[in-house]
Amino acid sequence: MMALRLLLHLTFLGLGTTQPLAQQQGFSVPAFDWPSSSNLNSPQEVPDPIQIPNNGSKPLVVDVQVFVSNVFSVDILRYTVSSTLLLRLSWLNTRLALNSTGHQRNPVMLPWDVLWMSRLTVREALWVNWQDKSPQARVDRDGHIEFDLALTTETNCDFELFHFPRDQSDCHLTFFAFSNTVTELEFQVHAVNEIVSVKREFVVQDLKTQIPPQHLVPCFQVTLSLQNTALKAILTLLVPGEALLLADLCGGLLPLHTERIAYKVTLLLSYLVFHSSLIQALPSSSSCNPLLVYYFTVLLLLLFVSTTETVLLTGLLARGNLRAEDSPSPALNGEQHDRGKPGPNPEEAPGAGKGSRRSWAEAADRIFFQVYVVGVACSQFIFIALWMWATCKSDPAPGAASPHGGQPRL
């Protein structure tokens, strides 16, 4: 009966106007302070509906509990993350307290459009979907107000991908109340991790909250620490790359012949196709690009050098054999003629030249293969060392150190 009487009184005053709840990136409601029981019959004493509840010389303290229930989409190519949250806001308005013992003691549920609310804007949001279009506030008899806001949002995140696919990044969601100042409103924020599903490529390792310093408007920040499980990237990127490199090493055991050239060229072309799709799958950044980008580029250079060596040595060997067949050794023919022996077999002299040239080419190929194996092993160890100990911190954003929410600089 008490709640019905209050609503009829507000309707009579014409203050219960309704405005849209959902906006593109914020939550906006009209502000109204429910008059206390002593003012029900005094319309001239109703507070200004657009004023924040007065807390004396101190700002109004709004306690915020952030429940993170799901992080369902992480796109490292677009640098975005999608999440579902529930914001539980609570504050005290002593002018709404029911001090008389004759009134109802149970909490009262009131529509959002008859109470003061502050507009919340997510700075990093690309879009925000407020799920409940007509939420209700819970008002206790002592003037304590509790209000729940459920939202789904897609926000920008500066992923640290230097150690991709074993990367860990902090994604921020910063909520601003642009309709108030820091002297009027203050947030106290707590976060609760309610994610129950771990079957994700990225898992939430930690959840933190803070009040960002040096801001001109009230704000609070929620930080999601995301860890990449790396299984998909290992199976689709690292395993094929290492398999091609091992196949190239095994190709060095084949004899110098045209079949070896075909084998090496096939591997190189296959890796070029793999490298092209790989570059499209890996994210790019203005700073701290993933180590895998450099690693697979080094593998491409190694395969190119190995294929070039095979083509050069096989070509030189084939060219030498053709020259030997066209011009047999005259000195050997004259020596055999002076000894009164029959002329040489046409295939013997060229065969001797072929044997010496083949032994020279095989020796050079054997030396290159040993150096190549050492180079491949060293590249693997260097990559592992960089992976474990090297660090890279992205450059700070141009506006990271400047206060947010003030007048634009000219």
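Predicted model only: the values in this text are computed from it and were never measured. (Residues numbered from 1 in each chain as written. Predicted model: local features only at pLDDT ≥ 70, side-chain atom pairs only at ≥ 80, totals over all residues. Heavy atoms only, no water.)

## Overview of the overall build of the chain
Looking only at helices and strands, the chain features six helices and 12 strands. Among the 410 residues that make up the chain, the fraction classed as buried is 41%. For the chain, restricting intrachain contacts to residue pairs at least 6 apart in sequence, the fraction spanning at least 24 positions comes to 77%. (Helix = DSSP H or I, 4+ residues; strand = E, 2+ residues; numbered from the N terminus. Buried < 20%, exposed > 50% of the residue type's maximum accessible area, 1.4 Å probe, protein only. Contact = heavy atoms within 4.5 Å.)

## So, the UniProt feature "transmembrane region" (unreviewed entry) in the chain
Residues given the UniProt feature "transmembrane region" (unreviewed entry) here are residues 294-318 and 367-390. In this annotation, residues 294-318 is assigned 100% helix and 0% strand; the end-to-end C-alpha distance for the span is 36 Å. Segment residues 367-390 splits into 96% helix and 0% strand. End C-alpha atoms: 33 Å apart. (UniProt positions renumbered as here; feature names shortened; annotations may be inferred.)

## Re the confidence of the model for the chain
Caution applies to low-pLDDT regions: their predicted coordinates should not be interpreted in detail. Mean pLDDT over the chain: 78, with 74% of residues reaching 70 or higher. Taking the mean pLDDT of every element in the chain, the minimum, 42, falls on strand β1 (residues 26-27) and the maximum, 94, on strand β3 (residues 80-92). This model gives residues 4-50 a pLDDT under 50, and the stretch forms 103 contacts once residues within four places in sequence are excluded. In the model, residues 346-350 has pLDDT below 50 throughout and makes two contacts with residues more than four positions away in sequence or in other chains. (pLDDT = per-residue confidence, 0-100.)

## Structural notes on the side chain of Thr 152
Position of Thr 152 relative to the elements: it lies in strand β8 (residues 144-156). On the basis of relative accessibility, which here comes to 12%, the residue Thr 152 falls in the buried class. Of note is the side chain of Thr 152, whose polar atom sits 2.7 Å from the side chain of Gln 131. Filtering out sequence-adjacent residues up to four positions away, Thr 152 remains in contact with Phe 72, Ser 83, Thr 84, Trp 127, Val 128, Asn 129 and Gln 131. (Polar contact = N/O pair within 3.5 Å; in protein donor to acceptor, adjacent residues only side chain to side chain.)

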